[in-house]
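Next come the chains, spelled out residue by residue.
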Amino acid sequence: MYRENTLDYDFVAPRRIIFGWGRRREVGTLGRTLGSRAFLICGSRTLMDAGVADEISERLRAEGVEPVAVEVISHEPEVDDVDRVAAQFRERKVAADDFILAVGGGAAIDLAKAVSAMATNDESPTIKDYLENVGRDLRIVNDPLPVLAMPTTAGSGTEATKNAVISSYAPPFKKSLRDERIVPRIALLDPELTVSAPPGLTATSGMDAITQLLESYVSRKAQPITRTLAIGGLKLALPSIAEAVANGSAQMPRERMAHAALLSGMCLANSGLGMAHGVAPALGVHCRVPHGAACALMLPVAMRANREVCLADFAELAQLVLGQSPDTAPDEAADALIDRIDELCDEVGTPRRLSELGVTAERIPAIVASSRGSSMSGNPREISDEELTELLEGVL
Ligand SMILES: [Zn+2]
């Protein structure tokens, strides 16, 4: 648990963060600071959106940067995707003057971050050997290519983190490549790019950011900077997510959600997460539940499970973020926070039952067994397999 008197921490973040409505127009000059050839990795929505990818290419060319389109990805990245794209990079003989430009949701940016390391490290041809606890556990030796990340959803915060999440379905695992050198060198956030995200995606990705802010706040590895950022992010996200979903072209809610998501990434990169993020990858690999939907569903479950040990923290957040009176009893204040999250899930329409996401009772033992990753180790208290089974059965 976080203690105010232990001021002892590390903190990593992108070297530059550029944030603002319409600021994608600066991509050429920013790209030029990283190199003269940009390998483009795009999310599929980006490509279809009113020429966003073309606009980026033109702006790069105008500044003397050669754009090279290498990949369009429409699903959370898998081992085979990383290996295939990294092989292309190696064939092209990447040089010191190359960088990767990722424009898309978390999938495109995670793929770019993973490939940035695999393009310059070839002790094994497969990223599996570099992921946590699934292969040979190799380390990244050579510096990855620099990454310029332009998110088009407000959620994962991966534009600010030091890990890339990679899935495999046979065998089933969803694990991270983790290295401080894969933090994007430049995070260029233009919230206008998130306007085209449809309501369902806006809801699940926004709830992912909120989950990251809440889980990092109470994580065993929480630290002073991340706690401060989490409060700032929640103050913006809780009152804005429903409007971002209902009125997708409104500027202010989109800006607030993009900023909150960025902060959530800085939080998780430096303080870890908790139970909802422990279970989400297991739901992903066993039942193909998208990350944001899994987090949205598991957040209230995790908050109730952690309520006793997090009473003071939840009560504090209820005051700081919801404006609860300091005179409110901690029990009552903590419940107000949990109830608010429940209401938000209903308001934005994220799934509330695992069965809505295709999860059946027979899959629960496998889900429980796969939930013991690094996120679960940040949860503020131990959750036994028996308890986790009961919790999941309770939301089936
Ligand atoms: Zn997440």
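Preceding block: the structure.
Residues numbered from 1 in each chain as written. Predicted model: local features only at pLDDT ≥ 70, side-chain atom pairs only at ≥ 80, totals over all residues. Heavy atoms only, no water.

**Q** Can you explain the packing of helix H6 (residues 199-218) against helix H7 (residues 224-246)? Please cite residues and give values.
**A** Relative to each other, H6 and H7 sit at 160°, their axes nearing to 9 Å. The orientation of H6 relative to H7 falls into the category roughly antiparallel. Handedness of the crossing formed by H6 with H7: left-handed. Along the contact surface, H6 presents Pro199, Thr202, Ala203, Gly206, Met207, Ile210, Leu213, Leu214, Ser216 and Tyr217, while H7 presents Arg227, Leu229, Ala230, Ile231, Gly233, Leu234, Ala237, Leu238, Ile241, Ala244 and Val245. (Axes fitted to C-alpha atoms, helices over the stretch in contact; angles between N-to-C directions. Helix = DSSP H or I, 4+ residues; strand = E, 2+ residues; numbered from the N terminus. Parallel < 35°, antiparallel > 145°, perpendicular 65-115°, else oblique. Left-handed = near helix turned anticlockwise from the far one by under 90°. Contact = heavy atoms within 4.5 Å.)

**Q** Give a description of the pattern of salt bridges that names residues and reports values.
**A** Two side chains that carry opposite charge are able to pair once their charged atoms sit near each other. Under the defined criterion, the tally for this structure stands at 28 salt bridges. Measuring nitrogen to oxygen at the nearest pair gives 2.6 Å for the salt bridge that ties Arg304 to Asp342. Of the two residues, Arg304 sits in helix H10 (residues 291-306) while Asp342 sits in helix H12 (residues 330-348), which places them 38 residues apart along the sequence. With a relative accessible area of 43%, Arg304 lands in the partly exposed category. For the salt bridge of Glu308 with Arg307, the shortest nitrogen-to-oxygen distance reads 2.8 Å. Several salt bridges share partner residues, and in doing so they unite Arg24, Glu55, Arg59, Asp190 and Glu192 into one network. (Salt bridge = Lys/Arg side-chain N within 4 Å of Asp/Glu carboxyl O. Buried < 20%, exposed > 50% of the residue type's maximum accessible area, 1.4 Å probe, protein only.)

**Q** Just give me the short version of helix H9 (residues 275-287), but keep the residues and values in it.
**A** Taking 1.5 Å per residue, 13 residues should reach 18 Å; H9 reaches 18 Å between its end C-alpha atoms and fits that length. Burial of H9 is extensive: 12 of the 13 residues sit out of reach of the surface. Along H9, the residues that are buried comprise Met275, Ala276, His277, Gly278, Val279, Ala280, Ala282, Leu283, Gly284, Val285, His286 and Cys287. Check the buried side of H9 and you find it contacts strand S6 (163-169), strand S7 (172-178), H6, H10, helix H13 (364-369) and helix H14 (385-394). Note on H9: the residue one or two positions beyond its end, Arg288, has a positive phi of about 55°. (Expected span 1.5 Å × (residues − 1).)

**Q** A description of the coordination of the zinc ion should follow, citing residues and the corresponding values.
**A** Note on the zinc ion: its protein donors are Asp208 (OD), Gln212 (OE1), His277 (NE2) and His291 (NE2). The metal-donor distances range over 2.0 to 2.1 Å. All donor residues of the zinc ion come from one chain, and their arrangement in sequence is D-x3-Q-x64-H-x13-H. You can see His277 sitting in helix H9 and its partner His291 sitting in helix H10, a full 14 residues away along the chain. Residue classification places His277 among the buried residues on the basis of a relative accessible area of 6%. (Donors = N, O, S within 2.8 Å, 3.2 Å for Na, K, Ca; no water.)

By themselves, these are just geometric observations and shouldn't be taken as functional.
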